[in-house]
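As a plain string of letters, each chain reads:
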Amino acid sequence: LPGDASAPEGSARTWMAVQLALGASAALAGLGRERWWLALVLLAGGGAVALHALGRLMPTGTLLARAGLAAAIATMGLLNFAFFGTEAFVPLALSTVRGESVMLTGLSLTAATLTWTAGAWLPVRLAARVTRRALITSGLGILGAGIAGTLALLSSSVPAASAVVAWGVAGLGMGLAFTTVSAAILETAPLGQEGAASASLQLAQVLGAALATGIGGAIIVAPFAGDPPRLGIATIDLLMLATIGIAIAAARGVPDQRAWRGSESEQKPVA
């Protein structure tokens, strides 16, 4: 079927995507510079370019989490930022800070994979009794509890084996929220723009994870992080918990019910 975007518009979006990649890369590179003036130039310049491109690629109001599709996409980005920004450093916390084996790390990540699957199944069972907004908020809250559990692992008084439970809880919250937000994005997309909404969903997902791991990596190598980087990982976990709070606020704008598309006559099958 012919697309509804002209070739010039498609070329413009491609160029915006290139700008976003370059701007985000420059900003993340600035976080690791020792010379403050170079770091400032890369952060300010790259950040400005990335934000401008992101505003053009995403639906209007995404950066402000405006109610509707924009809020759903913003929530998706924040959700992935918090989850993957924490998960990237769970192995480091267990192996370097706590001195545990690779097996425990593998068990923790596997637990999250299994509980994510279970969490993705729950919205199907609960959709008739619980609102979409409540499901997303619950998922974010459960994810926050899992992140708090990984933060507690930095203390030697907490059993290292509890990492399996903590990150398993995080996976459950991620599965619940991720699936529900994804459905909200696709169901509230304007008629004929489902492809653009799906592209925004993927962009929010990948960009959120990439920025979180990049920022986390810069924190880990910062002088204050420590050796082993106990304080650095704690800072990352606290940042991700703050992101969960912002995501819960953004989720208040996610539509609670499926958008009714078209007129009543358009919804009826043709005889």
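The sections below set out a description of the structure shown in this document. (Residues numbered from 1 in each chain as written. Predicted model: local features only at pLDDT ≥ 70, side-chain atom pairs only at ≥ 80, totals over all residues. Heavy atoms only, no water.)

### As for a nonpolar patch on the surface
For the record, the criterion: Patch rule: a residue counts if its relative accessible area is over 30% and it has no salt bridge; like charges are joined within 9 Å, and nonpolar side chains (Val, Leu, Ile, Met, Phe, Trp, Tyr) within 5 Å. Calculation of accessible area relied on Shrake-Rupley with a 1.4 Å probe; when residues are assessed, cover is drawn exclusively from the protein chains displayed. In what follows, salt bridge is the name for a side-chain nitrogen of Lys or Arg lying within 4 Å of a carboxyl oxygen of Asp or Glu. Each helix is a run of H or I in the DSSP string that is no shorter than four residues. Each strand is a run of E no shorter than two, and both are numbered from the N terminus. Exposure classes here rest on a 1.4 Å probe applied to the protein chains alone. A residue is buried below 20% of its type maximum, exposed above 50%, and partly exposed in between.
Taken together, the side chains of Trp36, Trp37, Leu40 and Val41 define a hydrophobic patch exposed on the protein surface, amounting to about 510 Å² of accessible area. Along the chain, Trp37 falls in helix α2 (residues 36–57). On the accessibility criterion, Trp37 (45% relative accessible area) is partly exposed.

### As for helix α8 (residues 194–220)
Structurally, the α-helix is built with 3.6 residues per turn, so residues lying three or four positions apart point the same way. We apply this condition: Between the first and last residue of a helix there are one fewer steps than residues, each counted as 1.5 Å, and that sum is the expected span.
Taking 1.5 Å as the rise per residue, α8 with 27 residues should run 39 Å; its terminal C-alpha atoms sit 39 Å apart, in good agreement. Within the span of α8, buried status applies to Ala197, Ser200, Leu201, Ala204, Leu207, Gly208, Ala209, Ala212, Gly216, Ala218, Ile219 and Ile220.

### Considering the packing of aromatic side chains
The cut-off we apply is this: Centre distance within 6.5 Å is the pairing criterion for rings of Phe, Tyr and Trp, where only the six-membered ring of Trp is used; planes under 30 degrees apart are then read as stacked, over 60 as edge-to-face, and the remainder as tilted.
Enumeration over the complete set of coordinates arrives at five aromatic pairs. Ring geometry for Phe83 and Phe84: centres 5.0 Å apart, planes at 90°, overall edge-to-face. Note on Phe84 and Trp116: the rings are 6.3 Å apart at their centroids and 50° apart in plane angle, and the pair reads as tilted. Taken together, the positions of Phe84 in helix α3 (residues 69–87) and Trp116 in helix α5 (residues 102–126) put the pair 32 residues apart, joining distant regions of the chain. Phe84 sits in the partly exposed class, given a relative accessible area of 22%. Note on Trp116: relative accessible area 22%, which makes it partly exposed. Ring-pair connections join several aromatic residues into one group, and the members of that group are Phe83, Phe84, Trp116, Trp167 and Phe178.

### Description of the packing of helix α6 (residues 132–152) against helix α9 (residues 230–251)
To characterise two packed helices, one gives the angle between the axes of the helices and the distance between these axes. Note the following rule: For every element, the axis is a line fit to its C-alpha atoms; helices are fit only across the contacting stretch, and the angle between N-to-C directions ranges from 0 to 180 degrees. In this scheme, roughly parallel covers angles under 35 degrees and roughly antiparallel covers those over 145, while 65 to 115 is roughly perpendicular and the rest are oblique. In this description, contact between two residues means that some pair of their heavy atoms is separated by no more than 4.5 Å. We call Asp, Glu, Lys and Arg charged. Ala, Val, Leu, Ile, Met, Phe, Trp, Tyr, Cys and Pro are nonpolar, and the rest, Gly among them, are polar.
With their axes 10 Å apart at the nearest point, α6 and α9 run at an angle of 170° to one another. One element, α6, and the other, α9, form an angle in the roughly antiparallel class. Together, Arg133, Ile136, Thr137, Leu140, Leu143, Gly144, Ile147, Ala148, Thr150 and Leu151 of α6 and Ala234, Asp237, Leu238, Met240, Leu241, Ile244, Ala247, Ile248 and Ala251 of α9 make up the contact between the two elements. Class assignment for the residues of the contact of α6 with α9 results in 14 nonpolar, three polar and two charged.

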